[in-house]
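Next come the chains, spelled out residue by residue.
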Amino acid sequence: MTLSAAALSGTAGFAAAGSPASAVAQAASHQTNATASAAAQAAPRPTTAPASVAPHPTTASPIKELVADPATAAILEKYLTGITTHPALPQFDYMTLEQSMPMSQGEVTPEKIAAIEAEIKALSAH
């Protein structure tokens, strides 16, 4: 919000149109607006990625989050072929990979989890 000289002096709204006080208030208002506009245009723009870019889920995330991210879903498919389309996915998609190990009939192993995590970390590094 920009305040004019008249507003700062407590006479805002009381100067008659065309009066010297009115002319001073208008000039001060235009000068303040021009200064604010020039400052906004001169402000440096951030060069980093927008904050809305979310990081990839990790192996500590629920499987449904890994499957929902196209990059991590591809990594899951590389090591656990068919997991993204498995008919029982709704029964274990809330679990982490480690939590799903006992019911995976040996398919999910600590070694596969470590390999998946390494590839996800490589994604996040780029």
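These figures come from a predicted structure and were not determined experimentally. (Residues numbered from 1 in each chain as written. Predicted model: local features only at pLDDT ≥ 70, side-chain atom pairs only at ≥ 80, totals over all residues. Heavy atoms only, no water.)

Colleague: If you had to explain the overall build of the chain to someone new, which residues and values would you point to?
Modeller: From N to C terminus, the chain includes seven helices and zero strands. Counting across all 126 residues of the chain, residues that qualify as buried make up 26%. Restricting the contact set of the chain to residue pairs at least 6 apart, pairs at least 24 apart contribute 52%. On the chain, roughly 8600 Å² of surface is accessible, and the fraction owed to carbon and sulfur atoms is 62%. (Helix = DSSP H or I, 4+ residues; strand = E, 2+ residues; numbered from the N terminus. Buried < 20%, exposed > 50% of the residue type's maximum accessible area, 1.4 Å probe, protein only. Contact = heavy atoms within 4.5 Å. Areas by Shrake-Rupley, 256 points an atom, 1.4 Å probe, with all protein chains shown as cover.)

Colleague: Tell me about the packing of helix 4 (residues 70-79) against helix 7 (residues 110-124), and name the residues and values.
Modeller: Packed helix pairs are specified by the crossing angle of their axes together with the interaxial distance, meaning the distance between the axes. Relative orientation of the contacting elements helix 4 and helix 7 amounts to 150 degrees, with a least axis distance of 10 Å. Classified by the interaxial angle, the pair formed by helix 4 and helix 7 is roughly antiparallel. Seen along the crossing, helix 4 lies across helix 7 with a hand that is right-handed. In this structure, helix 4 contributes Ala 71, Thr 72, Ile 75, Leu 76, Lys 78 and Tyr 79 to the contact, and helix 7 contributes Lys 112, Ala 115, Ile 116, Glu 119, Ile 120 and Leu 123. Its residues assigned to classes, the contact of helix 4 with helix 7 comprises eight nonpolar, one polar and three charged. (Axes fitted to C-alpha atoms, helices over the stretch in contact; angles between N-to-C directions. Parallel < 35°, antiparallel > 145°, perpendicular 65-115°, else oblique. Left-handed = near helix turned anticlockwise from the far one by under 90°. Nonpolar A, V, L, I, M, F, W, Y, C, P; charged D, E, K, R; others polar.)

Colleague: Can you lay out helix 7 for me, pointing to particular residues and giving the numbers?
Modeller: A rise of 1.5 Å per residue sets the reference length of helix 7, with its 15 residues, at 21 Å; its end C-alpha atoms lie 21 Å apart and thus fit the reference within 8%. Taken as a whole, helix 7 has its buried residues at Ile 113, Ile 116, Glu 117 and Ile 120. Seen from one end, helix 7 has its buried residues packed into an arc of 100 degrees, which puts them on one side. (Expected span 1.5 Å × (residues − 1). Arc of directions from axis to C-beta.)

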